[in-house]
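# Summary of structural features
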Amino acid sequence: MSKPNPTDRLYSRDHEWVKDNGDGTAIIGITDHAQEMLTDIVFVELPEIGKKVAKSDPVAAVESVKSVSDVYAPVGGEIIDVNKKLEESPELINQDAFGEGWIVKMRLADAGELKTLLSAADYEQLVKEEKH
Amino acid sequence: MKKTPLYEKHIAQKAKIIDFGGWAMPVQYTNVIDEHKATRGAAGLFDICHMGEIEVEGPQALDLLQLVLTRNLADQTIGQVKLSALLNEEGGIIDDLTVYKLDENSYMLVTNATPKDRDWQWINLIWRSKGFDCSLKDISDTMGKLDLQGPRSEEILQRLTEANLKTLRFYHFCESQVVGFPAIISRSGYTGEDGFEIYAAGNIIGNIWDKLMIAGAQSGLKPAGLGARDTLRLEAGMMLNGQDMTESVSPLEVPYSWIVDANKEFVGKTALMARKNSGIGNKLVGIEMTGRGIARHGYKVFHHLREIGIVTSGTFSPTLNKAIGLAFVDMAYSAPDTEITVAIRNTMTEAKIVKLPFYKREK
């Protein structure tokens, strides 16, 4: 069973989470449900710091033994930090998707885009629907 | 999708099911790495009921097989297994299959799942055109198959059979029983480990599966899916039909020259020899990523800026803890230690050509 989705953040339909720091920046990762679907994460491709991405652009790639999945930017902005620990320990995403397994930190281009994201409750509903 | 007799067991185990060539097969029960490591360290049990089996019987059974297969089977003994290739007229590989000599004039061919119907039609066509005195029977639907693989396979299976497994040599089989049911026990597999391929009737194969799981619990046996089967075979440098080789590829371009016996006639030989004489342009080689990233099927391979080939299989190797793969490359760049790059999404990532296999078990 997936861990509960924290209510202190927002979610995309592509299974990313966004934690708004309230200072124009946000932390982004993938959900526990996403890591469960991927299993066995063995490689994470991180973007360069300073890269600018639009909402829905691929921002990172997460690979399991069997497959590659793009991580899409849930909101547009500039990459200001990446989780370097994932280079050595990609399994941090499996172990703690909502914490130690964060992927990038962004400076938001338009905080208004946060309004397009889902609440934890709405995201849970989406996951339930996908299972059927 | 077609289902094997074990399908309901996979669902009960909460396995993740995928479509493999029209078959609903378990890709993993827990996760690929755990199942892979269980197989290398103890034992893994695989549902392989999707593979095909064809019986060939009669006074001219051997004559037919000699003509349709690349390997010389004249010296095959009863109880021996031989890997061989089935070619088309152009010398391309339709299937790589194993030949079981059950008795004089009696054989079983074990085919890959996806090309089985193609094999069946092609062999029948040749049989009819030559009028060989033998019969062909597709027994795939009634025959079940389990692969028990890993260093503790022998001790597990020995608890359930009267056959003396100690004396059963690699690539040999015996017709015996497992938990009282008639079965063919073959010391062979597709993982690079010691282990057995067990053939028994489809309607009782679930019974054997259950008894093996119970008998193997104390030895660390785990059910393993096609995901682990793929990483295991790739570490062992074994090819996957339909992925590393297709009908446009001949045995001379992949590490299969050794199963071609040019001293006899077989279908596709003329074209194969013509290919050999005109020079082989590409070769299937092992690659290892030296830069960060995992090569995957279909990624392009470069030498400096020149495109020299394509990745056919690529994965993360749980045993070696690095990314490995197989690639078709221009012969001129196929020597071990040649530095190459693989285009992974938008990045050129360093890799090198290495000798196969990536992994060899200690004997």
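Criteria and cut-off values
Residues numbered from 1 in each chain as written. Chains lettered and ligands numbered in written order. Predicted model: local features only at pLDDT ≥ 70, side-chain atom pairs only at ≥ 80, totals over all residues. Heavy atoms only, no water. Helix = DSSP H or I, 4+ residues; strand = E, 2+ residues; numbered from the N terminus. Rg over C-alpha atoms; globule rule 2.2 N^0.38 Å. Buried < 20%, exposed > 50% of the residue type's maximum accessible area, 1.4 Å probe, protein only. Contact = heavy atoms within 4.5 Å. Areas by Shrake-Rupley, 256 points an atom, 1.4 Å probe, with all protein chains shown as cover. Lys, Arg positive; Asp, Glu negative; His and termini not counted. Charge placed at Lys NZ, Arg CZ, Asp CG, Glu CD. Domains from an automatic or database assignment. Buried area = accessible area lost by both parts, 1.4 Å probe. Salt bridge = Lys/Arg side-chain N within 4 Å of Asp/Glu carboxyl O. Polar contact = N/O pair within 3.5 Å; in protein donor to acceptor, adjacent residues only side chain to side chain. Nonpolar A, V, L, I, M, F, W, Y, C, P; charged D, E, K, R; others polar. Pairing = 2+ DSSP bridges. Axes fitted to C-alpha atoms, helices over the stretch in contact; angles between N-to-C directions. 1 Å grid on protein atoms, 1.4 Å probe; cavity = no way out; pocket = protein on both sides within 12 Å on 5 of 7 lines; lining within 4 Å. Points joined across faces, edges and corners; volume = space filled by probe spheres on them. Core = buried A, V, L, I, M, F, W, Y, C linked by side-chain atoms within 4.5 Å. Phe/Tyr/Trp six-rings, centres within 6.5 Å; stacked < 30°, edge-to-face > 60°. Lys NZ or Arg CZ within 6 Å of the ring centre and 35° of its normal.

The next point concerns the overall build of chain B. When helices and strands are counted, chain B shows eight helices and 19 strands. By the compact-globule yardstick of 21 Å for 363 residues, chain B fits well, its C-alpha radius of gyration being 21 Å. Taken along its principal axes, the extent of the C-alpha atoms in chain B is 60 × 50 × 40 Å. A buried classification covers 60% of the 363 residues belonging to chain B. Summarising the internal contacts of chain B: among those between residues at least 6 apart in sequence, 66% fall at separations of at least 24. Total accessible area on chain B stands at roughly 15,000 Å², and carbon and sulfur atoms take up 50% of it. Taken as two groups, the 41 positive and 44 negative side-chain charges of chain B have centres that lie 5 Å from each other.

Our next topic: the domain arrangement of chain B. Residues and elements named next belong to chain B. Structurally, chain B comprises domain 1 (7–51 + 141–235), domain 2 (52–138) and domain 3 (281–354). In this structure, domain 1 and domain 2 have C-alpha centres spaced 24 Å apart. Interface area, domain 1 with domain 2, both sides summed: about 1,400 Å², of which 61% is carbon and sulfur. Three residues stand out in domain 1 for area buried against domain 2, namely Met-51, Tyr-171 and Phe-173, and they jointly supply 48% of the buried area on that side. Inspection of the region where domain 1 meets domain 2 yields zero salt bridges. Counting across the domain 1 and domain 2 interface gives four residue pairs in polar contact (both at pLDDT 80 or more). Contributing elements (two or more residues each) for the side of domain 1 that touches domain 2: strand 9 (143–149), strand 10 (173–178), strand 11 (181–186) and strand 12 (195–201). Of the residues belonging to the side of domain 1 that touches domain 2, the class tally is eight nonpolar, five polar and three charged.

As a general point, the strands of a sheet are linked pairwise by backbone hydrogen bonds and lie either parallel or antiparallel. Residues and elements named next belong to chain A. Across the sheet, which stays open at both edges, the three strands sit in the order 4-6-7 with antiparallel pairing between neighbours. Looking at which strands have only one partner, the edges of the open sheet turn out to be strand 4 (41–45) and strand 7 (68–72). Between one strand axis and the next, the sheet turns by 25° as a mean value, whatever way the strands run. Inspection of the sheet shows strand 6 (residues 58–64) paired to strand 7 by five bridges, in the antiparallel sense. Residue pairing for strand 7: Ala-60 is matched across the bridge by Val-71.

Moving on: empty space enclosed by the protein. All names here are of chain B. Under the criterion given, the structure shown has one cavity of 30 Å³ or more. If you trace the largest cavity, you find it lined by Pro-26, Phe-46, Asp-47, Ile-48, Ala-224, Gly-225 and Leu-226. Of the residues contributing to the lining of the largest cavity, the split by class is five nonpolar, one polar and one charged.

It is worth spelling out the pattern of salt bridges at this point. With the rule as written, the count across this model stands at 29 salt bridges over all chains. The closest approach of N and O atoms between Lys-84 of chain A and Glu-87 of chain A, which form a salt bridge, is 3.7 Å. The class of Lys-84 of chain A is exposed, set by a relative accessible area of 55%. Among the residues examined, Glu-87 of chain A registers a relative accessible area of 30% and is labelled partly exposed. For Arg-233 of chain B, the salt bridge is made with Asp-244 of chain B, and the minimal N-O distance between the two is 2.8 Å. Note that Arg-233 of chain B is positioned in helix 7 (residues 226–235) and Asp-244 of chain B in the loop between helix 7 and helix 8 (269–278), a separation of eleven residues in sequence. Arg-233 of chain B sits in the buried class, given a relative accessible area of 0%.

Okay, the nonpolar core next. Core analysis: the largest hydrophobic core is formed by 40 residues, its most contacted members being Tyr-100, Met-108, Ile-287 and Val-342 of chain B. Of all hydrophobic cores here, the second largest spans 28 residues; its members include Cys-49, Leu-148, Leu-160 and Trp-209 of chain B.

Let's shift gears to the sheet that holds strand 17 (residues 322–330) of chain B. All names here are of chain B. If you trace the six strands once around the closed barrel, you get 14-17-16-15-18-19, paired in antiparallel fashion. Between one strand and the next, the sheet's axes are offset by a mean angle of 45°, whatever the strand orientation. On top of the sheet, helix 7 reaches strand 16 (306–317) and strand 17; it is set at about 120° to strand 16, its chief contact.

Moving on: the packing of aromatic side chains. Geometry of an aromatic ring pair is reported as the spacing of the ring centres plus the angle between the planes. A complete count under the given rule lists six aromatic pairs over all chains for this structure. Ring geometry for Tyr-11 of chain A against Tyr-123 of chain A: centres 5.0 Å apart, planes inclined by 10°, an arrangement best described as stacked. Of this pair, Tyr-11 of chain A sits in strand 1 (residues 10–11) while Tyr-123 of chain A is found in helix 4 (residues 120–131), placing the two residues 112 residues apart along the sequence. We classify Tyr-11 of chain A as buried; its relative accessible area is 0%. Since its relative accessible area comes to 0%, Tyr-123 of chain A is described here as buried. Ring pairs connect the aromatic residues Tyr-11, Trp-17, Phe-98 and Tyr-123 of chain A, which therefore count as one cluster. Residue placement shows Arg-118 of chain B over the ring face of Trp-122 of chain B; its charged tip is 5.5 Å from the ring centre.

For a regular strand, the rule is simple: side chains alternate between the two faces of the sheet. Residue and element names in this part refer to chain B. Within strand 12, six of the seven residues are buried, which leaves the element mostly enclosed by the surrounding structure. Both strand 9 and strand 12 contribute to a ladder of seven bridges, which runs antiparallel. Across the sheet, Asp-147 pairs through a bridge with Glu-197, a residue of strand 12. Note that strand 11 and strand 12 share three bridges and pair antiparallel. Its bridge partner lying in strand 12, Ile-185 is registered against Ile-198.

Residues and elements named next belong to chain B. Across the seven residues that make up strand 5 (residues 81–87), a large majority, seven, are buried. Burial of strand 5 is two-sided: the residues Val-81, Leu-83, Ala-85 and Leu-87 facing one way and the residues Lys-82, Ser-84 and Leu-86 facing the other way are all buried. As judged from the seven bridges shared by strand 5 and strand 6 (residues 93–103), these two strands associate in the antiparallel manner. Within the sheet, the bridge partner assigned to Leu-87 lies in strand 6 and is Ile-93. Adjacent in sequence and paired antiparallel, strand 5 and strand 6 are bridged by five residues, among which Gly-91 carries a positive phi angle near 85°.

Residue and element names in this part refer to chain B. Omega for the peptide link from Leu-356 to Pro-357 comes to -5°, which places this bond in the cis form. Even without being glycine, Lys-14 reaches a positive phi, approximately 65°. Summarising the element assignment, Lys-14 is placed in the loop between helix 1 (7–12) and strand 1 (16–20). A positive phi is found at Asn-321, a non-glycine position, where the angle reads about 60°. With respect to the element layout, Asn-321 can be found in the loop between strand 16 and strand 17.

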